[in-house]
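In case you want the letters, here they are:
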Amino acid sequence: MYLLNLATGETKKVADKLVGATAAFTPDSQAVVFSAVERRKLYYQFSELEVYDLLKNRRYQISHQLRARDPNLTPDGKWVTFTLTKDRATGLAM
């Protein structure tokens, strides 16, 4: 996943993104929420939600072993909605 500065044309690589179709900016456009694959041990893979903070130039994970993807934010930015796969079924979560 890359971010493009529309004013300068500069691109910046944020993450290797293999799954999930969407990413969502916070209402103030200072952070972006996305899903990324996290490998645990040798065989387990989880799709976790992460945040990239543009001001701090830092990524951090906000879910743990959830198999979460395709995040979106409520208009006020207080809640993240996402798809969640559990027990061979995919549903919506917040």
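Residues numbered from 1 in each chain as written. Predicted model: local features only at pLDDT ≥ 70, side-chain atom pairs only at ≥ 80, totals over all residues. Heavy atoms only, no water.

Draft legend 1. Inspection of the overall build of the chain at higher detail. What the chain contains, in helices and strands, is 0 helices and 9 strands. Starting at the N terminus, the α and β elements of the chain follow one another as β-β-β-β-β-β-β-β-β. A compact globule built from 94 residues would reach a C-alpha radius of gyration of about 12 Å, and the chain, at 14 Å, matches this within 12%. Along the three orthogonal principal directions, the C-alpha set of the chain runs to about 45 × 30 × 20 Å. Buried residues in the chain amount to 31% of all 94 residues. (Helix = DSSP H or I, 4+ residues; strand = E, 2+ residues; numbered from the N terminus. Rg over C-alpha atoms; globule rule 2.2 N^0.38 Å. Buried < 20%, exposed > 50% of the residue type's maximum accessible area, 1.4 Å probe, protein only.)

Draft legend 2. A look at the sheet that holds strand E7 (residues 68-73). If you trace the 3 strands from one edge of the open sheet to the other, you get E7-E8-E9, paired in antiparallel fashion. Because the sheet does not close on itself, it has two edges, and the strands there are E7 and strand E9 (89-93). Taking each pair of neighbouring strands and ignoring which way they run, the sheet shows an average axis angle of 20 degrees. Bridging between E7 and strand E8 (residues 80-86) involves 4 bridges; their strand directions are antiparallel. (Pairing = 2+ DSSP bridges. Axes fitted to C-alpha atoms, helices over the stretch in contact; angles between N-to-C directions.)

Geometric descriptors of this kind do not, in isolation, establish any biological role.
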